[in-house]
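Coordinate inspection notes
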Amino acid sequence: MENVPEGGVSVVLGPRQRLLGSWYPRKVVSRSTAHAVGWVATCLVAGCGPVDDDGGDANTRVLSYANDIRLVRLAANQGVQATLVADGVELLDPVERGIDLLTRRTTLMQGFWSLHVDFVPRALVGRLTIDYPNGRRLVREHDLFVEGPSDEGTAGASFYWLLAPEEVVAGMEYRARILEADAAAPAPLYLDGEVPPVAPLHGPGELVAYDSTLRLTAIIVPILHRFGGCERKPEVTEGDLLAMATALEQLNPVHVAELTLGDPVAFDGSIGELKGFGPILAELAATRAANPVAPEAFYYGVIDSCDGYPAGLAGQAITIAGAPTMGNAQERIAVGRWNGSGANAASTFVHELGHAQGRMHVRCSGGEAGIDPQYPHSGGRIGTWGFGIHDRWLRPPSGRDYMTYCGSEWVSDYGWQYSLSVLDVLSGFSSASAGELQALVAGILYPDGTSQWWLQRGALDPLAFNAELVDETHPGEPLAKAVVRPVADAEHTFYVQAPWNAQWERAAARGLHIRGNGGGSGQSTVSRAISIAQLDATSWSGR
Ligand SMILES: [Zn+2]
């Protein structure tokens, strides 16, 4: 018979040899473990049968391997897909797997097949066997009528097994098989090195996963907006917090998102057109500085403003946060519209917390400023299959990263790994010491030339200094170095931090000037006369 293997060259081969080249991966042959080599030798004998048991236990049916089908790929998805097995071979290199998995997180395992040309559509069983370090075995089966080729997107065209968090532990070993559903079906013969539909081919794979507990802690602060006889404050219920936590947990590599409701913060007057959410961010920052909360916590204001301002904005973060330290807790502040409920607030919340984790924008709509040059997928696409651990929906790779301004948002593999590196550090704070924090003066510079200032504590990274403060009466000698960064999702608005000192306090009464670049990808120049004389460090209670 004539078959056309990959590459389009027609060859004439026996029916079972046709797919040998791609079926039998070279990687397996070259694996140096004695285990793998021994197995290969066994199955190169013409007519050899299944090489191990059927992966069942006392409660499962005895079934034979399915004929004319191969189990070529296994994937695990906790939000973003990781490939565990490709071409039958376990991927040991984390880069090849795509992303890092977590233990104790809901996991969708999927098995994808390829069919021999002689395959006859029929009922098959996908059996996933997991052996735990404590000796327990978990067997999970998916009965499926296999009609045609495997397909990533259609739930009906892959074998899938959903593992609960407690079923995903360190050191567990997995292996999947495709079996005939008909117990009376004859066991297939394997000729000339052909292999049964089992993955990994050489033996059980070990789930390599991140095992420390990862938390995302956020305090939700309702803004009481009072303006022109109107008073509005979001009434945040337990259900609202749950909706926001659910969104965070689906889109971040965490075991748990812990949200608590903070005391309301009042803001009087119109927010106006020119300053965006800046005045609210300044109020939140001053409140957090005066009432310190856990340094790892994200501090998020929610507002339904009386006058609808700021027009056209959904939310802002005080800045694109630097690498997480106990000294830059004041960079984990953001605000967003409430839109009446936690469910309606969730998408902006996730985006702004992305900035507060240090993420820049991903280009998609063209309206995004401050683009991350490292982002690997074009058009802002997530680039791999997504899966919601709470809503159980699959998302195609054409979806957009949540740091774009486009819709259909999900987390990319890139975003997942980025957040993992940040949340890993933040989750370790509770057992660490804060060290020495210094008094800082912080402020927001607005596009209209005005600015707002407050005092806070923190520790600035010396490498981040990109501006200097100058006493206008002695312009040649910089008074202090400063860190100036853009306010996220704002235009021409900058967040400034600088060490406070007594010399500066005296100079402040005479007037200061800040000069430098505004950070971010645009490196906007900042040169501005500022007045911070109203700050009184001696009466400040922040610690
Ligand atoms: Zn943004």
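The structure reproduced in this document is the subject of the present report. Given the structure is predicted, the values throughout are model-derived calculations rather than measurements.

A separate point is the side chain of Thr-129. With respect to the element layout, Thr-129 can be found in strand β8 (residues 122–131). In terms of polar contacts, Thr-129 uses its side chain to reach the backbone carbonyl oxygen of Gly-55, at 2.6 Å. Ignoring any residue separated from it by four or fewer positions in sequence, one finds Thr-129 in contact with Gly-55, Arg-137, Leu-138, Val-139, Glu-173, Tyr-174, Arg-175 and Arg-177.

What follows is about the pattern of salt bridges. For the structure shown, the criterion picks out 14 salt bridges. When the shortest N-O distance is used, the salt bridge between Arg-104 and Asp-211 registers 3.8 Å. Here Asp-211 lies in the loop between β14 (209–210) and β15 (215–227) and Arg-104 lies in the loop between β6 (101–102) and β7 (107–115), a separation of 107 residues in the sequence. Taking the relative accessible area as the measure of exposure, Arg-104 reaches 33% and is therefore partly exposed. Across the salt bridge formed by Asp-268 and Arg-226, the nearest N and O atoms sit 2.6 Å from each other. Remark: Arg-226 occurs in strand β15 and Asp-268 occurs in strand β18 (residues 265–268); sequence separation between them is 42 residues. By sharing partners, the salt bridges in this structure join Arg-61, Arg-127, Glu-141 and Asp-143 into a single network.

A few words on the coordination of the zinc ion. For the zinc ion, the protein coordination sphere consists of His-351 (NE2), His-355 (NE2), His-361 (NE2), Asp-489 (OD) and Asp-489 (OD), at 2.0 to 2.5 Å. Each donor residue of the zinc ion belongs to the same chain, and together they define the spacing H-x3-H-x5-H-x127-D. Here the residue His-355 occupies a position in helix α7 (residues 342–356), and Asp-489 occupies one in the loop between β29 (478–486) and β30 (494–499), the gap between them amounting to 134 residues. Judged by its relative accessible area of 0%, His-355 is buried. Owing to a relative accessible area of 11%, Asp-489 belongs among the buried residues under this scheme.

The rules behind each value
- Residues numbered from 1 in each chain as written.
- Predicted model: local features only at pLDDT ≥ 70, side-chain atom pairs only at ≥ 80, totals over all residues.
- Heavy atoms only, no water.
- Helix = DSSP H or I, 4+ residues; strand = E, 2+ residues; numbered from the N terminus.
- Polar contact = N/O pair within 3.5 Å; in protein donor to acceptor, adjacent residues only side chain to side chain.
- Contact = heavy atoms within 4.5 Å.
- Salt bridge = Lys/Arg side-chain N within 4 Å of Asp/Glu carboxyl O.
- Buried < 20%, exposed > 50% of the residue type's maximum accessible area, 1.4 Å probe, protein only.
- Donors = N, O, S within 2.8 Å, 3.2 Å for Na, K, Ca; no water.

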